[in-house]
4 protein chains.
Amino acid sequence: MVLLIQCSDKVGLVASIAGLLQQQNLNIVSMREHVDATQGRFYTRIEINGVTDSTLLSQNLAAELPSDAVINVNPNPTKRITVLVTKEYHCLSDILIRNHFNTLGATVACVIGNHAVLGEICARFDIPFYHISHEGITKDVFEEKLQQTLANYDFDFIVLAKFMRILSPTFIEHYPLKVINIHHSFLPAFIGANPYKQAYERGVKLIGATAHYVTNNLDEGPIIAQQIISVNHSYTTGDMVKSGKEIETAVLAKALQLVLEDKVLVFQNKTVVFD
Amino acid sequence: MVLLIQCSDKVGLVASIAGLLQQQNLNIVSMREHVDATQGRFYTRIEINGVTDSTLLSQNLAAELPSDAVINVNPNPTKRITVLVTKEYHCLSDILIRNHFNTLGATVACVIGNHAVLGEICARFDIPFYHISHEGITKDVFEEKLQQTLANYDFDFIVLAKFMRILSPTFIEHYPLKVINIHHSFLPAFIGANPYKQAYERGVKLIGATAHYVTNNLDEGPIIAQQIISVNHSYTTGDMVKSGKEIETAVLAKALQLVLEDKVLVFQNKTVVFD
Amino acid sequence: MVLLIQCSDKVGLVASIAGLLQQQNLNIVSMREHVDATQGRFYTRIEINGVTDSTLLSQNLAAELPSDAVINVNPNPTKRITVLVTKEYHCLSDILIRNHFNTLGATVACVIGNHAVLGEICARFDIPFYHISHEGITKDVFEEKLQQTLANYDFDFIVLAKFMRILSPTFIEHYPLKVINIHHSFLPAFIGANPYKQAYERGVKLIGATAHYVTNNLDEGPIIAQQIISVNHSYTTGDMVKSGKEIETAVLAKALQLVLEDKVLVFQNKTVVFD
Amino acid sequence: MVLLIQCSDKVGLVASIAGLLQQQNLNIVSMREHVDATQGRFYTRIEINGVTDSTLLSQNLAAELPSDAVINVNPNPTKRITVLVTKEYHCLSDILIRNHFNTLGATVACVIGNHAVLGEICARFDIPFYHISHEGITKDVFEEKLQQTLANYDFDFIVLAKFMRILSPTFIEHYPLKVINIHHSFLPAFIGANPYKQAYERGVKLIGATAHYVTNNLDEGPIIAQQIISVNHSYTTGDMVKSGKEIETAVLAKALQLVLEDKVLVFQNKTVVFD
């Protein structure tokens with residue numbers, strides 16, 4: 001059982017929380033705690049052994065903690081995700097494989113593509129795929145169609161697995177801190193289109209990928225995970241794209257693992273990752 | 001102020017400790033906690049803001065915690081180290097530079113070399129250097145001489161910065177968990193002599209270095225830090241030695257930082273590193 | 001078009017080879033060359049633009065080069081592999097996905113498992129799967145069955161994708177430098193069984209994986225690629241196994257890419273990798 | 001002996017060059033070659049065993065190669081550098097240590113600081129240090145003073161080892177491809193001032209450093225080397241600065257090694273690094 005808490009900092013928070021847990025004879029298996037001194041904000045993640053009433057524990061915690069506390073007792077342990085894609089297969093396939101062998105930490109509810117091409121791989125894994133084209137319609141209409149399809153499913157997160165359309169702030173607001181994107185560069189380098197082309201032209205020696213929550217501003221949301229790989233002068237833009245796919249797959253997998261194991265807290269534009 | 005505790009695990013340890021701190025109006029700035037379920041052992045590192053009587057806090061903690069608790073309240077904040085060397089300059093120089101600019105996290109009390117060559121660099125930094133040759137005498141006599149010189153200094157750790165003599169268990173027992181070594185391989189690969197030659201002959205694609213506490217068994221003590229770098233077919237043994245020096249310097253620096261910032265706890269043959 | 005050559009070294013080898021290519025108006029797009037001074041051995045990989053008769057070029061090269069030259073002009077550009085597996089899905093699935101989307105650099109001819117469980121994922125990708133159990137029969141008989149099945153296919157390499165049986169030297173000799181294995185440790189550390197358990201007990205801070213050609217001696221063949229990831233005190237053996245799978249998948253994928261793009265030459269127990 | 005050549009690409013370049021070397025009975029120990037297909041440009045680095053007349057070989061090569069060829073036969077094997085610093089000691093100290101033990105690959109001719117504080121460490125190594133303050137004078141006058149001091153020394157490169165003044169294009173033009181800078185970020189992320197503060201505010205999970213040639217545009221010159229290290233939510237800006245120093249030191253050391261071993265060719269805004 002996992003406990004995620006963030007609130008403004010004050011003396012005695014750990015004692016209050018640990019005291020409550022002890023009263024209920026709950027053993028702390030693992031505890032991570034962080035105080036951001038600049039913000040005066042307290043974050044903790046606690047893994048507990050033992051059985052308790054989650055709602056009651058939440059209420060008891062709320063009674064003892066500052067009024068701005070965000071308390072999450074035992075976040076949904078059987079999570080579900082939806083996946084939005086375009087044409088590139090690598091991130092989606094990795095998710096489908098892990099889902100198939102029950103190592104994703106979540107169940108894939110459905111996949112939506114603005115192109116049809118990835119329907120074939122979804123079919124091989126018996127995962128519902130919806131082709132919702134963005135062509136010939138306004139962004140508003142396109143996003144309304146996405147929402148209508150998504151509305152048919154229960155899910156905890158929308159994963160943008162190389163989904164190459166920019167979603168509007170209006171769309172994102174419907175799913176606060178529920179949309180996770182893999183961006184094909186080491187943000188904040190190469191924001192926007194064609195990052196590998198930009199990287200090639202700049203002659204960089206490393207390329208990267210960034211998984212982040214999507215907020216209103218393009219490529220500006222809280223970063224969950226980043227990784228890089230070495231490149232050199234012999235890499236064409238195409239080679240960088242190819243190598244980039246490997247790191248994109250790895251970073252998105254890592255970020256999903258962290259999020260799905262309830263190891264990420266978000267405050268304003270930053271994450272606290274208890275990995 | 002830092003608090004390091006390890007003891008056998010039971011329900012309520014965090015509550016006990018945090019309760020005591022709260023009673024003294026001490027704020028927990030940072031807390032790391034680990035329970036090793038296999039061993040049933042609890043480890044914590046707590047950074048505290050506020051002033052308190054260390055001895056009293058230790059006694060109070062001891063009264064509440066299991067009898068096997070190892071409690072370290074506010075470990076010596078002005079640490080001192082001695083350094084043992086042979087002929088290679090890279091690790092020693094890195095330590096001398098950090099010491100000179102007050103970023104080592106400790107003060108270098110003295111340097112002892114079984115060869116004389118590194119006396120010159122110590123002199124440039126006004127650090128006492130003692131040449132104690134191992135030649136023409138037994139290991140017992142050699143180690144007795146080392147001990148006699150060391151006895152003139154107060155120190156918290158002995159750093160073997162490429163000291164190429166094997167110290168006897170008898171010597172090590174005088175300084176339990178106080179001797180830190182940098183080994184020029186990714187242990188447990190290539191234990192013993194000439195690891196780079198072994199690595200070359202095996203055709204490995206990565207070489208590494210390992211910083212560890214020295215215990216009775218050669219190259220078998222608790223590992224503090226390890227890093228690797230890529231090599232390839234074009235590396236001769238000499239090239240591996242050269243590249244290895246870079247990683248040896250970096251790993252020893254990292255391990256010393258962790259140890260000197262009181263982030264490492266040791267139990268049996270393993271470390272818990274709260275980095 | 002790719003040209004791979006190795007031979008004993010002498011003055012003028014590059015001139016001879018480049019001269020021959022120039023006579024046929026072939027442009028060198030990329031050239032890598034290595035002389036191992038210890039062995040007195042010359043290695044080169046040349047990418048050429050232009051059309052030529054491979055057999056004739058081979059003959060012409062052989063006429064100019066030392067008699068021990070191993071010349072490979074335009075190695076099979078449409079390679080095929082077979083895959084041997086046991087129960088773990090991660091490496092096989094990665095290969096099947098890349099094969100499905102034509103980015104493997106080879107075609108998967110068939111998969112053989114000594115357990116049946118991975119037949120299901122092969123079926124989803126329409127790849128022939130053969131269950132050949134090792135149980136209740138001698139190793140000789142088991143390997144004979146493997147050979148009989150393999151004999152029905154043309155292939156360039158046998159990939160041991162977490163195949164947990166040790167193959168006899170007799171079997172391996174049938175497929176010289178054609179068998180590629182992923183070993184779940186940073187060789188030569190933790191040779192043999194249960195490397196993650198060994199790593200856990202040693203308290204290492206990094207774990208790795210090694211892809212290598214299989215020769216007569218277990219885990220002793222020429223290394224193609226190695227990578228590591230960080231672990232810490234909080235990792236159980238199970239956590240190491242889980243993290244290890246990620247790195248195993250990545251290292252095997254990297255090694256296969258190198259081999260299938262004809263970037264690896266082997267001499268005695270080492271590789272020259274022109275990556 | 002090293003040979004560096006770049007020119008526009010055409011068929012037969014390797015044959016021409018290798019033929020010339022063979023005529024003089026020079027053995028190619030190591031050869032790296034790269035053709036940038038986009039630019040139609042050929043680059044090579046050749047290590048040769050044997051003795052020859054450099055000037056004559058240059059002339060012979062020029063006669064055979066395209067007229068735009070840049071030919072560098074046996075670049076100055078006893079290189080000298082000057083170092084410009086401000087207040088931070090880490091990069092300078094690393095250079096001084098390597099210089100002192102003859103492993104830098106060059107000799108430090110002198111150090112110039114716009115602050116006086118690093119004179120002390122230079123004095124310890126008997127290296128001339130000049131304090132040229134930028135305060136109370138125009139940039140023109142400041143740079144004139146720098147040039148006057150530099151004019152007293154022969155040197156191959158000016159190393160900006162955390163020199164915190166922006167040099168004018170006019171100054172840089174005096175030393176084309178001779179000025180090497182370490183920038184404290186993973187370019188092109190966080191161009192300009194306070195990159196670690198920018199990184200902290202963006203909540204990145206990796207920070208980096210970039211060594212590059214300085215050209216007219218700030219932070220825009222050809223990149224030689226880049227590296228990164230992981231950071232997390234617990235890092236303050238100050239912690240990032242501290243960790244950044246480690247990576248800055250390592251990247252500058254690596255870049256200097258590459259440049260001083262004649263492994264870097266530059267064309268327009270990019271490097272070809274034969275490492």
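What you see is a predicted model, and the numbers here were worked out from it, not measured in a lab. Residue numbers run consecutively from 1 along every chain, following the written order of its sequence. To label them, take the chains in the order written and letter them from A, then take the ligands in the order written and number them from 1. In keeping with the model being predicted, local features are shown solely for residues with a pLDDT of at least 70 and side-chain atom pairs are shown and tallied solely at 80 or more, while totals for entire chains, interfaces and linings include all residues. No hydrogens and no water enter the side-chain calculation; it runs on all heavy atoms of the structure.

Some thoughts on the confidence of the model for chain A
Now for step 1: The predictor rates its confidence in each residue with pLDDT, a number between 0 and 100. Per-residue pLDDT for chain A has a mean of 93; in total, 99% of the residues score no lower than 70.
Now for step 2: This complex was scored by the predictor with a pTM of 0.95 and an ipTM of 0.94.

With respect to the relation of the copies chain A and chain D
Now for step 1: For these two chains of identical sequence, chain A goes onto chain D by a turn of 180° and a shift of 0.0 Å along the axis, with RMSD 0.0 Å. In short, the pair behaves as if placed about a two-fold rotation axis. For chain A, the minimum C-alpha distance to the rotation axis belongs to Ala189 of chain A and amounts to 2.1 Å.
Now for step 2: When checking whether two residues touch, look at their non-hydrogen atoms; a contact exists if any pair is within 4.5 Å. Residue by residue, 100% of the interface of chain A is reproduced at the interface of chain D, so both copies engage with the same surface. Only residues with pLDDT of at least 70 in both copies contribute their C-alpha atoms to the least-squares superposition of the copies.

So, the interface of chain A and chain D
Now for step 1: Tallying the contact residues gives 32 residues for chain A and 32 residues for chain D.
Now for step 2: Buried area is understood as the total, over both parts, of accessible area removed when two parts are fitted together, assessed with a 1.4 Å probe. Here chain A and chain D share an interface that buries about 2,700 Å² over both sides, 58% of which is from carbon and sulfur atoms.
Now for step 3: Interface area lost by chain A to chain D is led by Arg202, Lys205 and His233 of chain A, which between them contribute 28%.
Now for step 4: For this analysis, a salt bridge means a side-chain nitrogen from Lys or Arg found within 4 Å of a carboxyl oxygen belonging to Asp or Glu. Counting the contacts that link chain A with chain D gives 0 salt bridges.
Now for step 5: What qualifies as a polar contact is a pair of N or O atoms within 3.5 Å, subject to a donor-acceptor requirement within protein and to the restriction that residues adjacent in sequence count only when both atoms come from side chains. The interface formed by chain A and chain D includes 16 residue pairs in polar contact (both at pLDDT 80 or more).
Now for step 6: Broken down by secondary-structure element, the contributors of at least two residues to the side of chain A that touches chain D are β2 (27-36), α7 (195-202), β11 (223-230) and β13 (270-273) of chain A.
Now for step 7: Numbered from the N terminus, helices here are DSSP runs of H or I no shorter than four residues, and strands are runs of E no shorter than two. When residues in the side of chain A that touches chain D are grouped by element, the largest group, 6 residues, is from β11 of chain A.
Now for step 8: Within the side of chain A that touches chain D, the residues separate by chemical class into 15 nonpolar, 10 polar and 7 charged. Under the convention adopted here, Pro, Cys and the residues Ala, Val, Leu, Ile, Met, Phe, Trp and Tyr are nonpolar, Asp, Glu, Lys and Arg are charged, and Gly plus all remaining residues are polar.

Describing the interface of chain B and chain D
Now for step 1: At the junction of the two partners, chain B supplies 17 residues and chain D supplies 17 residues.
Now for step 2: Buried surface at the junction of chain B and chain D, both sides included, amounts to about 1,600 Å², of which 52% is carbon and sulfur.
Now for step 3: The largest share of the area that chain B buries against chain D comes from Tyr89, Phe101 and Arg124 of chain B, three residues that together contribute 38% of it.
Now for step 4: Our count for the chain B to chain D interface comes out at 6 salt bridges.
Now for step 5: Where Lys242 of chain B meets Glu261 of chain D, a salt bridge forms, and the shortest distance between an N and an O atom there is 3.0 Å.
Now for step 6: Linking chain B to chain D there are 11 residue pairs in polar contact (both at pLDDT 80 or more).
Now for step 7: Going through the elements one at a time, α3 (90-100), α4 (119-124) and α8 (237-260) of chain B are the ones with two or more residues in the side of chain B that touches chain D.
Now for step 8: Considering each element in turn, the side of chain B that touches chain D owes the most residues, 4 residues, to α3 of chain B.
Now for step 9: By residue class, the composition of the side of chain B that touches chain D is 6 nonpolar, 4 polar and 7 charged.

Comments concerning the domain arrangement of chain A
Many structure descriptions define interface size as the accessible area lost when the parts assemble.
Residues and elements named next belong to chain A.
Now for step 1: Residue ranges assigned to the domains are those given by an automatic or database domain assignment. Assigned domains of chain A: these are domain 1 (2-73) and domain 2 (79-273).
Now for step 2: Centre-to-centre separation of domain 1 and domain 2, based on C-alpha positions: 32 Å.
Now for step 3: Taken together, the contact between domain 1 and domain 2 spans 10 residues of the former and 8 residues of the latter.
Now for step 4: Interface area lost by domain 1 to domain 2 is led by Leu4, Tyr43 and Arg45, which between them contribute 47%.
Now for step 5: Across the domain 1-domain 2 interface, the total number found is 0 salt bridges.

Section: the sheet that holds strand β6 (residues 107-113) of chain C
Residues and elements named next belong to chain C.
Now for step 1: Taken in spatial order, the 7 strands make up an open sheet running β7-β6-β5-β8-β9-β10-β11, and their pairing is mixed. Each end of this open sheet is capped by a strand with a single partner; those strands are β7 (129-131) and β11 (223-230). Each strand of the sheet is rotated relative to its neighbour by a mean of 15°, with strand direction disregarded.
Now for step 2: In terms of strand pairing, strand β8 (residues 157-160) meets strand β9 (residues 179-183) through 3 bridges, oriented parallel. Within the sheet, the bridge partner assigned to Ile158 lies in β9 and is Val179.
Now for step 3: The sheet contacts of helix α8 (residues 237-260) involve β5 (80-85), β8, β9, β10 (206-213) and β11, and relative to β11 the element is tilted by about 150°. The rule for pairing is simple: two strands pair if DSSP sees at least two bridges between them. Lines fitted to C-alpha atoms define the axes, with helix axes restricted to the stretch in contact, and inter-axis angles between N-to-C directions lie between 0 and 180 degrees.

A few points about the side chain of His184 of chain B
Residue and element names in this part refer to chain B.
Now for step 1: Here His184 is to be found in the loop between β9 (179-183) and α7 (195-202).
Now for step 2: Exposure categories follow from relative accessible area, calculated using a 1.4 Å probe and restricted to protein chains: below 20% of the type maximum is buried, above 50% is exposed, and the middle band is partly exposed. A relative accessible area of 14% places His184 in the buried class.
Now for step 3: If we skip the residues at most four places from it in the chain, His184 touches Lys162, Met164, Pro195, Tyr196, Gly208 and Glu248.

Section: the packing of aromatic side chains
The description of two aromatic rings rests on the distance between their centres and on the angle between their planes.
Now for step 1: Under the pairing criterion, centres of Phe, Tyr and Trp rings, with the six-membered ring standing for Trp, must be within 6.5 Å; the plane angle then separates stacked pairs below 30 degrees from edge-to-face pairs above 60, leaving the rest tilted. Under the criterion given, the structure shown has 22 aromatic pairs over all chains.
Now for step 2: Ring plane angle 15° and centroid distance 6.4 Å describe the contact between Phe142 of chain A and Phe163 of chain A, whose orientation is recorded as stacked. Linking Phe142 of chain A in helix α5 (residues 139-150) with Phe163 of chain A in the loop between β8 (157-160) and α6 (169-173), this pair joins segments that are 21 residues apart in sequence.
Now for step 3: The buried category is assigned to Phe142 of chain A, whose relative accessible area is 4%.
Now for step 4: A ring pair is formed by Phe155 of chain D and Tyr175 of chain D, whose centres lie 6.0 Å apart and whose planes are at 40°; its orientation type is tilted. With Phe155 of chain D in the loop between α5 (139-150) and β8 (157-160) and Tyr175 of chain D in the loop between α6 (169-173) and β9 (179-183), the pair connects residues that are 20 residues apart, well separated along the chain.
Now for step 5: On the basis of relative accessible area, Phe155 of chain D is assigned to the buried category, the value being 14%.
Now for step 6: Members of the aromatic cluster, connected to one another through ring pairs, are Phe155, Phe171 and Tyr175 of chain A.
Now for step 7: As a reminder, the over-ring test applies to NZ of lysine and CZ of arginine, requiring each to be within 6 Å of the ring centre and within 35 degrees of the ring normal. Geometry around Phe155 of chain C places Lys178 of chain C over its ring, the cationic atom sitting 5.8 Å from the centre.

Comments concerning the packing of helix α1 (residues 13-23) of chain C against helix α1 (residues 13-23) of chain D
Now for step 1: Direction vectors running N to C along α1 of chain C and α1 of chain D enclose 145°, while the axes themselves pass 8 Å from each other. Once α1 of chain C is placed against α1 of chain D, the crossing between them reads as left-handed. Residue-level inspection shows Val14, Ala15, Ser16, Ala18, Gly19 and Gln22 of chain C of α1 of chain C in contact with α1 of chain D, the latter providing Val14, Ala15, Ser16, Ala18, Gly19 and Gln22 of chain D.
Now for step 2: Of the residues belonging to the contact of α1 of chain C with α1 of chain D, the class tally is 6 nonpolar, 6 polar and no charged. For a crossing to be left-handed, the near helix must be turned anticlockwise from the far one by less than a right angle; the clockwise case is right-handed.

Considerations on the pattern of salt bridges
Now for step 1: Counted under the stated rule, the structure contains 52 salt bridges over all chains.
Now for step 2: The partner of Arg98 of chain A in a salt bridge is Glu246 of chain C, and the shortest N-O contact between them spans 2.7 Å. With Arg98 of chain A in helix α3 (residues 90-100) and Glu246 of chain C in helix α8, this residue pair bridges two chains.
Now for step 3: Each of Glu88, Lys162, Lys245 and Glu248 of chain A takes part in salt bridges that share partners, so that together they form one network.

Some details on α1 of chain C
Note that an α-helix has 3.6 residues per turn; residues three or four places apart therefore point the same way.
Now for step 1: Within α1 of chain C, 9 of the 11 residues are buried, which leaves the element mostly enclosed by the surrounding structure.
Now for step 2: Structurally, α1 of chain C contributes buried residues whose contacts are with β1 (2-8), β2 (27-36), β3 (41-49) and α2 (54-64) of chain C together with α1 and β2 (27-36) of chain D.
Now for step 3: At the C-terminal side of α1 of chain C, Asn25 of chain C shows a positive phi close to 60°.

What about the side chain of Thr82 of chain D?
Now for step 1: Take Thr82 of chain D: it is sitting in strand β5 (residues 80-85).
Now for step 2: The class for Thr82 of chain D is buried, based on a relative accessible area of 0%.

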